[in-house]
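Commentary on secondary and tertiary structure
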Amino acid sequence: IIMSTSGAMRQGWTMVFMFLSLSALLGDKKFLSFFFILISVFLHKSGLFYFMIYLVMLINLNIYKRFRNKKFLLVTMGISFFVFCCYGLSVTGWSSAKHRIVAGDFRYIWLLVNFIYIFFYFYNFHIKLPKPIKNVATFIYFHACSSPAFLVMGLNWQYERINMVVGIPLILMVSSYFTKKSSYLCLTLLLCMYLFLTIYQ
């Protein structure tokens, strides 16, 4: 975050406000969370994408309580949002240009991460966690469902970028499902792997 913001990268600032929004959501400060995610829209194009995920999460939470088959609701909304993103990217012309990877190609690793998180989310769906944590987990779930739309539309490095932004919250969220000792081990290993890949690239 420090590297991104000190380098005056607009996406770095978007990432900061998205993190602040998720932190406020964990503290059950819904208005503050919405305020932070709204600010991110005006800083970078990707901010609009995260804002849309946030809105889909809110819509899902509103009809979540009334819906009996909750897993079916999540799958339906996840697929619908993926199709909507594909349509939106094609209409706006984002997929018309060639977007090749310049350095290391991590597209398919991120695609694997997206699918693994979706299965992980459903596998641990029955676990009783505090509501704010489940809200953030649902936010990342919709991100995992919709971000492959960028890859499908040929937006290769953009796909890597939007996944990199959610990388740290994703690691922290997965760690929260484990016991305290094992979560520290999981967190340390994943962050070391992240650091190694960064230095390697």
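Criteria and thresholds
Residues numbered from 1 in each chain as written. Predicted model: local features only at pLDDT ≥ 70, side-chain atom pairs only at ≥ 80, totals over all residues. Heavy atoms only, no water. Helix = DSSP H or I, 4+ residues; strand = E, 2+ residues; numbered from the N terminus. Contact = heavy atoms within 4.5 Å. Axes fitted to C-alpha atoms, helices over the stretch in contact; angles between N-to-C directions. Parallel < 35°, antiparallel > 145°, perpendicular 65-115°, else oblique. Left-handed = near helix turned anticlockwise from the far one by under 90°. Nonpolar A, V, L, I, M, F, W, Y, C, P; charged D, E, K, R; others polar. pLDDT = per-residue confidence, 0-100. Phe/Tyr/Trp six-rings, centres within 6.5 Å; stacked < 30°, edge-to-face > 60°. Buried < 20%, exposed > 50% of the residue type's maximum accessible area, 1.4 Å probe, protein only.

The subject of this paragraph is the side chain of S147. Tracing the backbone through its elements, the reader meets S147 in the loop between α7 (131-146) and α8 (148-152). Beyond its immediate chain neighbours, meaning those up to four positions away, S147 contacts F49, N114, Y159, I162 and N163.

With that settled, consider the packing of helix α9 (residues 156-175) against helix α10 (residues 180-200). The geometry of α9 relative to α10 is characterised by a closest axis approach of 8 Å and an angle of 160 degrees between their N-to-C directions. Judged by the angle between their axes, α9 and α10 are roughly antiparallel. Relative to α10, the crossing made by α9 is right-handed. Across the interface between the two elements, M164, G167, I171, L172 and S175 of α9 pack against S183, C186, L187, L190, L191 and Y194 of α10. Its residues assigned to classes, the contact of α9 with α10 comprises 8 nonpolar, 3 polar and no charged.

What follows concerns the confidence of the model for the protein chain. Overall, the predicted model of the protein chain reaches an average pLDDT of 80, with 89% of residues at or above 70. Per-element confidence in the protein chain ranges from a low mean pLDDT of 56 for helix α1 (residues 2-6) to a high of 90 for helix α3 (residues 30-41).

Next up on the list: the packing of aromatic side chains. In this description, a pair of aromatic rings is defined by centroid distance and the angle of the planes. Enumeration according to the criterion identifies 13 aromatic pairs in this entry. Ring centres of Y117 and F120 lie 6.3 Å apart, and the angle between their planes is 35 degrees; on these two criteria the pair is classed as tilted. Of this pair, Y117 and F120 are both found in helix α6 (residues 107-123), 3 residues apart, which corresponds to roughly one turn of the helix. By relative accessible area, which is 2% here, Y117 ends up buried. When its relative accessible area of 17% is taken as the criterion, F120 is described as buried. A network of ring pairs unites the aromatic residues Y117, F120, Y121, F122, Y141 and F142 as a single cluster.

Where helix α2 (residues 10-26) meets helix α4 (residues 45-64), the closest approach of the two axes is 9 Å, and the angle between their N-to-C directions is 20 degrees. Relative to α4, the element α2 lies roughly parallel. Judged by the sense of rotation from one axis to the other, the crossing of α2 with α4 is right-handed. Counting all contacts with α2, which are made through Q11, T14, M18, S21 and L25, the residues of α4 involved are S46, G47, Y50, Y54 and M57. When its residues are assigned to classes, the contact of α2 with α4 shows 5 nonpolar, 5 polar and no charged.

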